[in-house]
Amino acid sequence: MLYKRFDDKLVIRLKKGDRLVESIREILEKENIKAGFITGIGATDDLQVGLFDPNTKEYKLKSYKEDLEITHLTGNISNKDGKLYTHFHITCGRAKSNDSEGSLAGDAIAGHLNEAVISLTAEIFVTIIDGEINRIYDEDLGLNLIEF
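Conventions used here
Residues numbered from 1 in each chain as written. Predicted model: local features only at pLDDT ≥ 70, side-chain atom pairs only at ≥ 80, totals over all residues. Heavy atoms only, no water. Salt bridge = Lys/Arg side-chain N within 4 Å of Asp/Glu carboxyl O. Buried < 20%, exposed > 50% of the residue type's maximum accessible area, 1.4 Å probe, protein only. Helix = DSSP H or I, 4+ residues; strand = E, 2+ residues; numbered from the N terminus. Core = buried A, V, L, I, M, F, W, Y, C linked by side-chain atoms within 4.5 Å. Contact = heavy atoms within 4.5 Å. Phe/Tyr/Trp six-rings, centres within 6.5 Å; stacked < 30°, edge-to-face > 60°. Lys, Arg positive; Asp, Glu negative; His and termini not counted. Polar contact = N/O pair within 3.5 Å; in protein donor to acceptor, adjacent residues only side chain to side chain.

Caption draft 1: Local environment of the pattern of salt bridges. All chains considered together, the criterion is met by nine salt bridges. Notably, a salt bridge pairs Glu22 with Arg19, separated by 3.4 Å at the nearest N-O pair. Looking at Arg19, the relative accessible area reads 38%, which means it is partly exposed. Salt-bridge contacts for Asp81 lead to Lys80; the nearest nitrogen and oxygen are separated by 2.9 Å. When salt bridges that share partners are traced, they join Arg19, Glu22 and Glu115 into one network.

Given below as structure tokens:
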């Protein structure tokens, strides 16, 4: 992974084999980022996403081991109990050749990003917020909510 800081922005380039969430968190901790938001694009061939089940208050995870285009990565950066807390969502396109011309039409896979291994590269932009955003666990919802 490579990155460079520009005032209140970070530009990150992940390499083949980098773990997306793990790499971003490593950079955020190194730079002591307490609040912000991210956006990005790239490619993965090993993805784990989830959807939150309000009945069980757990994420139901699903893994994909195929070539996927990361068409949109978004998320936020905050703190919970004095530690870095990241919350990322991802949308990936998957190719399927199903027409007579052999062109690639895409299906989308989306959800809460648990982890993704980069297959080619990823380009991620972080906007740093000058301040601190904290989270507190909400018993009723089963989620860690932003608290001011």
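Caption draft 2: Quick look at unusual backbone geometry. Its identity is not glycine, yet Asn32 carries a phi of approximately 55°, on the positive side. With a phi angle near 55°, Asp81 is a residue other than glycine that sits in the positive phi range. Looking at the element boundaries, Asp81 is found in the loop between β5 (68-80) and β6 (83-97).

Caption draft 3: Structural context of the nonpolar core. Residues Leu20, Leu47, Leu73, Leu113, Ile124 and Val126 are the most contacted members of the largest nonpolar core, which totals 29 residues. Within the residue set of this core, elements represented by two or more residues are β2 (9-15), α1 (20-30), β3 (36-53), β5, β6 and β7 (104-128). The greatest single-element share of this core, amounting to eight residues, is contributed by β7. Contacts of Leu20, omitting those with residues within four sequence positions, involve Leu14, Ile70, Leu73, Leu113, Glu115, Ala116, Ile118 and Ile124.

Caption draft 4: Region of the structure containing the packing of aromatic side chains. Here the structure, examined in full by the defined rule, presents one aromatic pair. Ring plane angle 65° and centroid distance 5.2 Å describe the contact between Phe52 and Tyr59, whose orientation is recorded as edge-to-face. Phe52 sits in the partly exposed class, given a relative accessible area of 24%.

Caption draft 5: Inspection of the side chain of Asn79 at higher detail. Mapped onto the elements of the fold, Asn79 is located in strand β5. Overall, Asn79 belongs to the buried group, its relative accessible area being 3%. Excluding residues within four positions of it along the chain, Asn79 makes contact with Lys34, Leu84, Tyr85, Glu132, Ile133, Asn134 and Arg135.

Caption draft 6: Broad picture of the side chain of Arg135. Mapped onto the fold, Arg135 is located in strand β8 (residues 134-138). Summary of buried charges: Arg135 has no salt-bridge partner, and the nearest side chain of opposite charge, Glu147, is 10 Å away. A polar contact is formed between the side chain of Arg135 and the side chain of Asn76, at a distance of 2.9 Å. Not counting chain neighbours up to four residues away, the residues in contact with Arg135 comprise Asn76, Ser78, Asn79, Lys80, Tyr85, His87, Asn144, Leu145, Ile146 and Glu147.

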